[in-house]
Amino acid sequence: GLSVSATLNELFLRDLDRKIKNLPHVYYYARYVDDMIIFSCHDKSEVRRDVFEIITDFGLELNQHKEDSIECYSSIKKHDDKFISFEFLGYYLHSQLYLKDSKKWRNVKVGIAEKKIKKIKSRIAHTFIDFIKNNQLNLLEKRLKFLCGNYLLIKGEESHLLGGIYYNYSHLTDDAGSLQELDHFFHKILFSRQGSLGNKLNLKLNNSQRKKLVRLSFQNGFKERWSHNIQPSEMRLIHRCWIYEKN
């Protein structure tokens, strides 16, 4: 399509955004491309009806397979620890079902969506599998730095476009446990001495090399915003062992 098609789409949808935001029972609305999120205190069927009507007027359709609704309550239950969860834009949001104190905010944990967690874990595993084949320790380290660190994507005159564990998931909360889960998975493979992968890694990596690699961390890459200099030519090489991915 034309390079301006995305811009034209946004201009076209501005009026749709305005109409949904102005619905009397919608107190928060946001959209990223074709993903929308709506907060309301009204009956969900009423909200859906009005939103559906606006979207239809614009000649668009709702994807019912991706549509979801959850209910939280404003009532106070001090001893109720029930949570309700949903995913949006690569994040996993875990919210208290009830308020525990009328003077405090509802506890909401923000983690990485399960599909994204599985993708990162798969990349970690294939990084080590490819290392067993090519025996290139520097490439292994670069791939792990790419996964748990941050890097420059596009250098601009006034600002830069950055990517990586922090810039891709900057809204994570520590109590969600996503980064800890990824570090645990990474370290489990790194120090494994059992199974097919563990036995082969044991022949390829010595203790000194393992100690150097274990300094890499998803938690520190996020909290300290560790940045690594990765050249465009290196990007292609880094991604080569992940070509199995469909998306």
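Attention in this report is confined to the structure presented alongside it. (Residues numbered from 1 in each chain as written. Predicted model: local features only at pLDDT ≥ 70, side-chain atom pairs only at ≥ 80, totals over all residues. Heavy atoms only, no water.)

A word on the packing of helix α3 (residues 114-134) against helix α4 (residues 137-148)
One way to put it is that α3 packs onto α4 with a least axis distance of 9 Å and a crossing angle of 170°. With respect to each other, α3 and α4 are oriented roughly antiparallel. From α3, R123, I124, T127, F128, D130, F131 and N134 reach across to α4, where they touch L137, L139, L140, R143, L144, F146 and L147. (Axes fitted to C-alpha atoms, helices over the stretch in contact; angles between N-to-C directions. Helix = DSSP H or I, 4+ residues; strand = E, 2+ residues; numbered from the N terminus. Parallel < 35°, antiparallel > 145°, perpendicular 65-115°, else oblique. Contact = heavy atoms within 4.5 Å.)

Brief notes about the pattern of salt bridges
Scanning the entire structure with this criterion turns up 13 salt bridges. Residues K118 and E114 are paired through a salt bridge, measuring 3.5 Å at the closest nitrogen-oxygen approach. On the criterion of helical spacing, the pair formed by K118 and E114 is a turn pair, its members being four residues apart in helix α3. The class of K118 is exposed, set by a relative accessible area of 52%. Given a relative accessible area of 49%, E114 falls into the partly exposed group. Two residues, K223 and D174, come together in a salt bridge whose shortest N-O distance is 3.6 Å. A residue pair is termed long-range when its members are at least 10 positions apart, and K223 in helix α9 (residues 218-223) and D174 in the loop between α5 (165-168) and α6 (178-190) qualify at 49 residues. One salt-bridge network, held together by shared partners, links E10, D17 and R31. (Salt bridge = Lys/Arg side-chain N within 4 Å of Asp/Glu carboxyl O. Buried < 20%, exposed > 50% of the residue type's maximum accessible area, 1.4 Å probe, protein only.)

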